[in-house]
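Architecture at a glance
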Amino acid sequence: MQAGRLDEAELLRTFNCGIGLVLVVAAGGADAVTRTLAAAGEAPIRIGELEPGRGIKSAAKGRGDAEAVRYSGRLA
């Protein structure tokens, strides 16, 4: 940033900063986690939820026979 004399907005447009950290919590605990993170100075954003499986097996390689999960939500 200093060497290239770029401001923060330009850095965020140029480099893929991604989401950063994702916490997966039970729906009943989401409000408490959000409050705790906010109290610690973070700015948590809910990005969606996992839906129950539909009996479809995951195509992921590896051991086991995992059931696929489905994500619903959107990123702004």
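About the criteria used
Residues numbered from 1 in each chain as written. Predicted model: local features only at pLDDT ≥ 70, side-chain atom pairs only at ≥ 80, totals over all residues. Heavy atoms only, no water. Salt bridge = Lys/Arg side-chain N within 4 Å of Asp/Glu carboxyl O. Helix = DSSP H or I, 4+ residues; strand = E, 2+ residues; numbered from the N terminus. Buried < 20%, exposed > 50% of the residue type's maximum accessible area, 1.4 Å probe, protein only.

**Things to note about the pattern of salt bridges**
When their charged atoms lie close together, side chains carrying opposite charge are able to pair. The full count for this structure, using the stated rule, is one salt bridge. The salt bridge partner of R46 is D31, with a shortest N-O separation of 2.3 Å. Taken as a pair, R46 in the loop between α2 (30–39) and β1 (49–51) and D31 in helix α2 lie far apart in primary sequence, 15 residues in all. The exposed category is assigned to R46, whose relative accessible area is 53%. Owing to a relative accessible area of 45%, D31 belongs among the partly exposed residues under this scheme.

**Quick word on unusual backbone geometry**
Its identity as a non-glycine residue notwithstanding, R5 has a phi of 50°, on the positive side. One can find R5 in the segment before α1 (8–14). R5 gets classed as exposed once you look at its relative accessible area, which sits at 75%.

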